[in-house]
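Residue-level structure breakdown
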Amino acid sequence: MPKQENGQKGDSVIQNDLSESFEEEVRAFLSDEEKLHLFDDLTKVNPVTTTTVLRCLQARYRVNLFYTNAGCSLVALNPFQPFSCLYSPELMREYHVALRPQDLKPHIFAVAEQTYRNVQNQMDPVNQSIIVSGESGAGKTWTSRCLMKFYASVAASVISPKGNETVERIERRVLDSNPVMEAFGNACTLRNNNSSRFGKYIQLQLDRFHHLSSASIQTFLLEKTRVAYQAPNERNFHIFYQITKGATAEERLEWNLPEGAEYRWLPNPERNLDEDSFEVTRAAMCHLGIERCTQSNVFKVRYCQAFSTLGTSNSLIQWMNLSLVTWKTKPKVL
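Values in this document were obtained by computation on a predicted structure and should not be read as measured data.

Let's talk about a negative patch on the surface
Together, E20, E23, E24 and E25 line one region of the surface with negative charge. Checked against the element boundaries, E20 lands in helix 1 (residues 2-31).

This is the structure:
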(Lines give C-alpha, C1' and ligand atoms only; values in the text may rest on other atoms or scores of the structure.)
Protein backbone atom coordinates (compact mmCIF):
# COMPACT_ATOMS: atom_id res chain seq x y z
CA MET A 1 0.00 0.00 0.00
CA PRO A 2 2.73 2.55 0.81
CA LYS A 3 4.37 1.83 -2.53
CA GLN A 4 1.07 2.49 -4.34
CA GLU A 5 0.67 5.81 -2.55
CA ASN A 6 4.18 6.82 -3.49
CA GLY A 7 3.45 5.90 -7.12
CA GLN A 8 0.30 8.03 -7.15
CA LYS A 9 2.19 10.96 -5.66
CA GLY A 10 4.91 10.56 -8.26
CA ASP A 11 2.39 10.61 -11.11
CA SER A 12 0.79 13.72 -9.65
CA VAL A 13 4.14 15.51 -9.45
CA ILE A 14 4.90 14.64 -13.08
CA GLN A 15 1.50 15.92 -14.21
CA ASN A 16 2.00 19.17 -12.31
CA ASP A 17 5.44 19.62 -13.86
CA LEU A 18 4.04 19.00 -17.34
CA SER A 19 1.16 21.41 -16.70
CA GLU A 20 3.50 24.13 -15.51
CA SER A 21 5.82 23.54 -18.47
CA PHE A 22 2.89 23.76 -20.89
CA GLU A 23 1.62 26.97 -19.31
CA GLU A 24 5.08 28.46 -19.66
CA GLU A 25 5.07 27.60 -23.37
CA VAL A 26 1.70 29.29 -23.80
CA ARG A 27 2.88 32.41 -21.97
CA ALA A 28 6.08 32.51 -24.01
CA PHE A 29 4.10 32.22 -27.27
CA LEU A 30 1.68 34.99 -26.31
CA SER A 31 4.39 37.30 -24.98
CA ASP A 32 5.42 38.42 -28.47
CA GLU A 33 2.14 40.12 -29.40
CA GLU A 34 3.61 42.00 -32.37
CA LYS A 35 4.10 38.73 -34.27
CA LEU A 36 0.77 37.06 -33.55
CA HIS A 37 -0.90 38.54 -36.63
CA LEU A 38 1.75 36.95 -38.86
CA PHE A 39 0.33 33.45 -38.32
CA ASP A 40 -1.75 33.09 -41.49
CA ASP A 41 -2.22 29.35 -40.87
CA LEU A 42 -3.40 28.17 -37.47
CA THR A 43 -1.57 24.85 -37.92
CA LYS A 44 1.64 26.83 -37.40
CA VAL A 45 0.55 27.93 -33.93
CA ASN A 46 2.52 26.15 -31.21
CA PRO A 47 1.28 25.26 -28.70
CA VAL A 48 -2.25 24.90 -30.02
CA THR A 49 -4.79 25.91 -27.40
CA THR A 50 -8.05 27.79 -27.46
CA THR A 51 -6.26 30.82 -26.02
CA THR A 52 -3.40 30.88 -28.54
CA VAL A 53 -5.69 30.36 -31.52
CA LEU A 54 -8.15 33.07 -30.45
CA ARG A 55 -5.37 35.53 -29.66
CA CYS A 56 -3.88 35.02 -33.14
CA LEU A 57 -7.27 35.58 -34.77
CA GLN A 58 -7.80 38.65 -32.61
CA ALA A 59 -4.41 40.06 -33.57
CA ARG A 60 -5.14 39.54 -37.28
CA TYR A 61 -8.58 41.10 -36.91
CA ARG A 62 -7.02 44.25 -35.44
CA VAL A 63 -4.91 44.76 -38.58
CA ASN A 64 -7.84 44.05 -40.93
CA LEU A 65 -6.80 40.49 -41.78
CA PHE A 66 -10.12 38.68 -41.67
CA TYR A 67 -9.13 35.39 -43.31
CA THR A 68 -6.87 32.76 -41.76
CA ASN A 69 -6.09 29.28 -42.98
CA ALA A 70 -6.48 26.28 -40.71
CA GLY A 71 -4.94 23.55 -42.80
CA CYS A 72 -7.34 22.83 -45.65
CA SER A 73 -10.06 24.97 -44.04
CA LEU A 74 -10.48 28.74 -44.07
CA VAL A 75 -11.51 30.71 -40.99
CA ALA A 76 -13.38 33.94 -41.83
CA LEU A 77 -14.18 36.70 -39.36
CA ASN A 78 -17.01 39.13 -40.02
CA PRO A 79 -15.62 42.72 -40.02
CA PHE A 80 -19.14 44.17 -39.63
CA GLN A 81 -18.17 47.04 -41.93
CA PRO A 82 -17.68 47.37 -45.69
CA PHE A 83 -14.25 46.71 -47.21
CA SER A 84 -14.75 47.15 -50.94
CA CYS A 85 -11.07 46.61 -51.72
CA LEU A 86 -11.27 43.17 -50.14
CA TYR A 87 -13.66 41.89 -52.84
CA SER A 88 -12.79 44.07 -55.83
CA PRO A 89 -12.69 42.69 -59.40
CA GLU A 90 -8.96 43.43 -59.45
CA LEU A 91 -8.34 41.25 -56.42
CA MET A 92 -10.54 38.55 -57.89
CA ARG A 93 -8.42 38.54 -61.03
CA GLU A 94 -5.20 38.49 -58.98
CA TYR A 95 -6.20 35.20 -57.37
CA HIS A 96 -7.46 33.80 -60.67
CA VAL A 97 -4.25 34.40 -62.64
CA ALA A 98 -1.80 33.59 -59.81
CA LEU A 99 0.44 30.59 -60.45
CA ARG A 100 -0.08 29.45 -56.87
CA PRO A 101 -3.10 31.20 -55.31
CA GLN A 102 -2.43 29.37 -52.04
CA ASP A 103 0.78 31.41 -51.73
CA LEU A 104 -1.22 34.64 -51.60
CA LYS A 105 -2.91 35.88 -48.45
CA PRO A 106 -5.70 33.61 -47.16
CA HIS A 107 -8.95 34.60 -48.86
CA ILE A 108 -12.24 33.10 -49.97
CA PHE A 109 -11.10 33.74 -53.55
CA ALA A 110 -8.15 31.41 -52.99
CA VAL A 111 -10.51 28.61 -51.98
CA ALA A 112 -12.79 29.35 -54.93
CA GLU A 113 -9.90 29.37 -57.41
CA GLN A 114 -8.43 26.13 -56.08
CA THR A 115 -11.71 24.25 -56.49
CA TYR A 116 -12.10 25.68 -60.00
CA ARG A 117 -8.61 24.46 -60.92
CA ASN A 118 -9.35 21.06 -59.44
CA VAL A 119 -12.12 20.70 -62.00
CA GLN A 120 -9.96 21.97 -64.84
CA ASN A 121 -7.07 19.62 -64.04
CA GLN A 122 -9.13 16.44 -64.19
CA MET A 123 -9.49 14.50 -67.45
CA ASP A 124 -12.82 13.29 -66.08
CA PRO A 125 -13.96 16.30 -64.02
CA VAL A 126 -14.64 15.54 -60.37
CA ASN A 127 -17.34 17.46 -58.55
CA GLN A 128 -16.02 19.98 -56.05
CA SER A 129 -17.86 21.12 -52.93
CA ILE A 130 -17.38 24.08 -50.62
CA ILE A 131 -19.10 23.94 -47.23
CA VAL A 132 -19.87 27.34 -45.70
CA SER A 133 -20.81 27.00 -42.04
CA GLY A 134 -20.89 29.16 -38.93
CA GLU A 135 -23.16 30.70 -36.35
CA SER A 136 -25.67 33.46 -37.06
CA GLY A 137 -23.93 36.64 -38.14
CA ALA A 138 -20.67 34.91 -39.05
CA GLY A 139 -20.98 35.94 -42.70
CA LYS A 140 -22.27 32.81 -44.46
CA THR A 141 -24.63 34.72 -46.74
CA TRP A 142 -21.91 37.17 -47.75
CA THR A 143 -19.44 34.36 -48.38
CA SER A 144 -21.94 32.60 -50.63
CA ARG A 145 -22.41 35.83 -52.57
CA CYS A 146 -18.65 36.19 -53.04
CA LEU A 147 -18.30 32.62 -54.27
CA MET A 148 -21.11 32.97 -56.79
CA LYS A 149 -19.74 36.29 -58.01
CA PHE A 150 -16.26 34.79 -58.39
CA TYR A 151 -17.44 31.81 -60.43
CA ALA A 152 -19.79 33.94 -62.51
CA SER A 153 -16.75 36.03 -63.42
CA VAL A 154 -13.97 33.49 -63.98
CA ALA A 155 -16.16 30.88 -65.69
CA ALA A 156 -17.38 33.29 -68.37
CA SER A 157 -17.00 32.33 -72.01
CA VAL A 158 -15.09 34.58 -74.43
CA ILE A 159 -15.25 32.28 -77.45
CA SER A 160 -17.88 34.20 -79.37
CA PRO A 161 -20.02 37.30 -78.78
CA LYS A 162 -23.18 35.22 -78.94
CA GLY A 163 -21.84 32.59 -76.56
CA ASN A 164 -20.55 35.28 -74.24
CA GLU A 165 -23.95 36.97 -74.24
CA THR A 166 -25.61 33.69 -73.29
CA VAL A 167 -23.19 33.09 -70.44
CA GLU A 168 -23.59 36.66 -69.23
CA ARG A 169 -27.32 36.05 -68.95
CA ILE A 170 -26.67 32.95 -66.88
CA GLU A 171 -24.22 34.89 -64.71
CA ARG A 172 -26.83 37.58 -64.17
CA ARG A 173 -29.40 35.00 -63.14
CA VAL A 174 -26.97 33.32 -60.78
CA LEU A 175 -26.22 36.61 -59.05
CA ASP A 176 -29.85 37.82 -59.12
CA SER A 177 -30.97 34.69 -57.30
CA ASN A 178 -29.38 36.14 -54.14
CA PRO A 179 -31.69 39.14 -53.57
CA VAL A 180 -34.75 36.97 -54.32
CA MET A 181 -33.74 34.23 -51.89
CA GLU A 182 -32.81 36.79 -49.25
CA ALA A 183 -36.08 38.69 -49.64
CA PHE A 184 -38.23 35.58 -49.19
CA GLY A 185 -35.99 33.64 -46.79
CA ASN A 186 -34.00 36.15 -44.71
CA ALA A 187 -35.01 38.23 -41.71
CA CYS A 188 -33.61 40.67 -39.19
CA THR A 189 -32.71 38.92 -35.93
CA LEU A 190 -31.04 40.06 -32.72
CA ARG A 191 -27.62 39.06 -34.02
CA ASN A 192 -27.89 39.71 -37.74
CA ASN A 193 -29.83 42.18 -39.87
CA ASN A 194 -29.83 39.78 -42.82
CA SER A 195 -30.02 36.34 -41.26
CA SER A 196 -30.81 33.42 -43.58
CA ARG A 197 -33.66 31.46 -42.05
CA PHE A 198 -33.04 28.46 -44.29
CA GLY A 199 -30.21 26.32 -45.62
CA LYS A 200 -29.28 26.25 -49.28
CA TYR A 201 -27.42 23.95 -51.64
CA ILE A 202 -26.11 25.75 -54.71
CA GLN A 203 -24.93 23.90 -57.81
CA LEU A 204 -23.04 25.59 -60.62
CA GLN A 205 -22.58 23.43 -63.71
CA LEU A 206 -19.71 23.91 -66.17
CA ASP A 207 -19.50 22.69 -69.75
CA ARG A 208 -16.54 20.79 -71.21
CA PHE A 209 -14.75 24.10 -71.77
CA HIS A 210 -15.17 24.88 -68.04
CA HIS A 211 -17.59 27.72 -68.77
CA LEU A 212 -20.67 28.33 -66.67
CA SER A 213 -23.58 26.57 -68.38
CA SER A 214 -26.37 26.29 -65.79
CA ALA A 215 -27.17 26.56 -62.12
CA SER A 216 -29.62 25.21 -59.58
CA ILE A 217 -30.40 26.24 -56.02
CA GLN A 218 -32.18 24.02 -53.53
CA THR A 219 -33.27 25.14 -50.09
CA PHE A 220 -34.23 23.26 -46.95
CA LEU A 221 -35.33 23.80 -43.36
CA LEU A 222 -37.10 27.10 -44.02
CA GLU A 223 -38.18 28.66 -40.71
CA LYS A 224 -41.89 28.64 -41.54
CA THR A 225 -42.99 29.63 -38.04
CA ARG A 226 -41.45 33.09 -38.50
CA VAL A 227 -44.42 34.02 -40.70
CA ALA A 228 -46.70 33.91 -37.66
CA TYR A 229 -44.27 34.36 -34.75
CA GLN A 230 -41.15 36.45 -34.21
CA ALA A 231 -39.02 36.67 -31.08
CA PRO A 232 -38.99 40.03 -29.27
CA ASN A 233 -37.10 42.76 -31.18
CA GLU A 234 -36.86 40.56 -34.30
CA ARG A 235 -38.67 40.95 -37.62
CA ASN A 236 -40.58 38.87 -40.14
CA PHE A 237 -39.17 37.98 -43.55
CA HIS A 238 -37.80 40.95 -45.53
CA ILE A 239 -40.34 40.63 -48.34
CA PHE A 240 -43.25 41.77 -46.15
CA TYR A 241 -41.48 45.00 -45.17
CA GLN A 242 -40.34 45.54 -48.75
CA ILE A 243 -43.93 45.41 -49.94
CA THR A 244 -45.29 47.75 -47.27
CA LYS A 245 -42.48 50.27 -47.85
CA GLY A 246 -42.13 50.00 -51.63
CA ALA A 247 -45.58 49.30 -53.06
CA THR A 248 -47.09 52.00 -55.26
CA ALA A 249 -50.39 53.72 -54.45
CA GLU A 250 -52.16 51.58 -57.06
CA GLU A 251 -50.69 48.39 -55.64
CA ARG A 252 -51.65 49.38 -52.10
CA LEU A 253 -55.21 49.87 -53.24
CA GLU A 254 -55.23 46.55 -55.11
CA TRP A 255 -53.63 44.63 -52.22
CA ASN A 256 -55.66 46.42 -49.53
CA LEU A 257 -52.63 47.93 -47.79
CA PRO A 258 -53.68 51.29 -46.29
CA GLU A 259 -50.91 53.87 -45.96
CA GLY A 260 -49.52 54.01 -42.41
CA ALA A 261 -51.34 50.87 -41.25
CA GLU A 262 -49.75 48.66 -38.59
CA TYR A 263 -49.72 44.87 -38.83
CA ARG A 264 -49.46 42.45 -35.95
CA TRP A 265 -47.15 40.11 -37.87
CA LEU A 266 -44.75 42.88 -38.87
CA PRO A 267 -42.95 43.96 -35.68
CA ASN A 268 -40.32 46.71 -35.70
CA PRO A 269 -41.32 48.19 -39.07
CA GLU A 270 -39.60 51.46 -38.18
CA ARG A 271 -36.17 49.89 -38.70
CA ASN A 272 -34.75 50.82 -42.08
CA LEU A 273 -32.42 48.21 -43.54
CA ASP A 274 -30.61 48.00 -46.86
CA GLU A 275 -32.52 44.76 -47.42
CA ASP A 276 -35.84 46.66 -47.49
CA SER A 277 -35.38 47.57 -51.16
CA PHE A 278 -38.46 46.35 -53.00
CA GLU A 279 -37.20 47.49 -56.41
CA VAL A 280 -34.04 45.39 -56.13
CA THR A 281 -36.13 42.29 -55.49
CA ARG A 282 -38.49 43.09 -58.33
CA ALA A 283 -35.66 43.70 -60.79
CA ALA A 284 -34.01 40.43 -59.79
CA MET A 285 -37.29 38.54 -60.28
CA CYS A 286 -37.59 40.06 -63.76
CA HIS A 287 -34.08 38.91 -64.63
CA LEU A 288 -34.99 35.43 -63.44
CA GLY A 289 -37.85 35.35 -65.92
CA ILE A 290 -40.73 36.04 -63.51
CA GLU A 291 -43.16 38.32 -65.33
CA ARG A 292 -44.74 41.36 -63.70
CA CYS A 293 -48.22 39.84 -63.61
CA THR A 294 -46.86 36.74 -61.88
CA GLN A 295 -44.97 38.92 -59.43
CA SER A 296 -48.13 40.83 -58.63
CA ASN A 297 -50.00 37.58 -57.96
CA VAL A 298 -47.18 36.40 -55.70
CA PHE A 299 -47.24 39.59 -53.62
CA LYS A 300 -51.04 39.53 -53.52
CA VAL A 301 -51.06 35.94 -52.26
CA ARG A 302 -48.54 36.81 -49.58
CA TYR A 303 -50.57 39.60 -48.09
CA CYS A 304 -54.03 38.17 -48.55
CA GLN A 305 -53.01 35.03 -46.70
CA ALA A 306 -50.25 36.20 -44.38
CA PHE A 307 -52.54 38.66 -42.65
CA SER A 308 -55.61 36.50 -42.30
CA THR A 309 -55.19 33.52 -40.01
CA LEU A 310 -52.44 31.06 -39.26
CA GLY A 311 -54.57 28.22 -40.58
CA THR A 312 -54.86 29.76 -44.03
CA SER A 313 -51.16 30.62 -44.21
CA ASN A 314 -50.22 27.06 -45.14
CA SER A 315 -50.51 27.71 -48.87
CA LEU A 316 -48.37 30.83 -48.42
CA ILE A 317 -45.71 28.78 -46.68
CA GLN A 318 -45.89 26.17 -49.43
CA TRP A 319 -45.40 28.90 -52.01
CA MET A 320 -42.38 30.19 -50.04
CA ASN A 321 -40.92 26.71 -50.30
CA LEU A 322 -41.64 26.51 -54.02
CA SER A 323 -40.26 29.97 -54.67
CA LEU A 324 -36.99 29.02 -52.99
CA VAL A 325 -36.67 25.38 -53.94
CA THR A 326 -35.08 25.27 -57.39
CA TRP A 327 -34.46 27.40 -60.43
CA LYS A 328 -32.39 26.12 -63.28
CA THR A 329 -31.44 27.64 -66.60
CA LYS A 330 -29.58 26.23 -69.58
CA PRO A 331 -28.03 28.21 -72.42
CA LYS A 332 -30.27 26.69 -75.06
CA VAL A 333 -33.45 28.00 -73.42
CA LEU A 334 -32.20 31.49 -72.60
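And the narrative resumes.
Thoughts on the packing of helix 4 (residues 108-120) against helix 5 (residues 140-154)
Contact geometry of helix 4 with helix 5 gives a least axis separation of 10 Å together with a crossing angle of 45°. By the criterion of interaxial angle, the relationship of helix 4 to helix 5 is oblique. In terms of crossing hand, the pair formed by helix 4 and helix 5 is right-handed. Every residue of helix 5 that contacts helix 4 at I108, F109, V111, A112, E113, T115 and Y116 is listed here: T143, C146, L147, F150, Y151 and V154. By residue class, the composition of the contact of helix 4 with helix 5 is 10 nonpolar, 2 polar and 1 charged.

Some remarks on a nonpolar patch on the surface
A cluster of nonpolar residues, Y201, F220 and L221, forms a patch on the protein surface that exposes about 360 Å² of accessible area. As for its placement among the helices and strands, L221 is situated in the loop between strand 6 (212-220) and helix 7 (238-246).

Here we look at the pattern of salt bridges
Applying the stated criterion to the full structure yields 16 salt bridges. Between D32 and K35 there is a salt bridge whose closest N-O contact spans 3.8 Å. Given the relative accessible area of 49%, K35 is considered partly exposed. Across the pair D40 and K44 runs a salt bridge whose closest N-O atoms are separated by 3.4 Å. You can call K44 exposed: its relative accessible area is 52%.

Things to note about helix 7
Counted residue by residue, helix 7 has 7 buried out of 9 residues, so it is predominantly covered. Turning to helix 7, its buried residues are H238, I239, F240, Y241, Q242, I243 and T244.

As for the confidence of the model for the protein chain
When the pLDDT values of the protein chain are averaged, the result is 83; 81% of them are 70 or greater. By mean pLDDT, the top-scoring element of the protein chain is strand 1 (residues 67-70) (97), and the lowest-scoring one is strand 7 (residues 328-329) (37). Every residue in residues 308-334 is under pLDDT 50, and counting partners more than four places away or in other chains gives 64 contacts.

Points about the pairing of strand 2 (residues 73-76)
Where strand 1 lies against strand 2, 4 bridges are found, and the strand directions are antiparallel. Bridged to A70 within strand 2 is S73. The turn linking strand 1 back onto strand 2 is made up of 2 residues, and G71 within it adopts a positive phi angle of 70°.

Structural notes on the environment of G139
Its place among the elements puts G139 in the loop between helix 4 and helix 5. Relative accessible area serves as the criterion here: at 22%, G139 is assigned to the partly exposed category. Residues G139 and N78 lie 61 residues apart in sequence; the distance between their C-alpha atoms is 5.8 Å.

Rules of the game
Residues numbered from 1 in each chain as written. Predicted model: local features only at pLDDT ≥ 70, side-chain atom pairs only at ≥ 80, totals over all residues. Heavy atoms only, no water. Patch = residues over 30% accessible without salt bridge, like charges linked within 9 Å, V, L, I, M, F, W, Y side chains within 5 Å. Areas by Shrake-Rupley, 256 points an atom, 1.4 Å probe, with all protein chains shown as cover. Salt bridge = Lys/Arg side-chain N within 4 Å of Asp/Glu carboxyl O. Lys, Arg positive; Asp, Glu negative; His and termini not counted. Charge placed at Lys NZ, Arg CZ, Asp CG, Glu CD. Helix = DSSP H or I, 4+ residues; strand = E, 2+ residues; numbered from the N terminus. Axes fitted to C-alpha atoms, helices over the stretch in contact; angles between N-to-C directions. Parallel < 35°, antiparallel > 145°, perpendicular 65-115°, else oblique. Left-handed = near helix turned anticlockwise from the far one by under 90°. Contact = heavy atoms within 4.5 Å. Nonpolar A, V, L, I, M, F, W, Y, C, P; charged D, E, K, R; others polar. Buried < 20%, exposed > 50% of the residue type's maximum accessible area, 1.4 Å probe, protein only. pLDDT = per-residue confidence, 0-100. Pairing = 2+ DSSP bridges.

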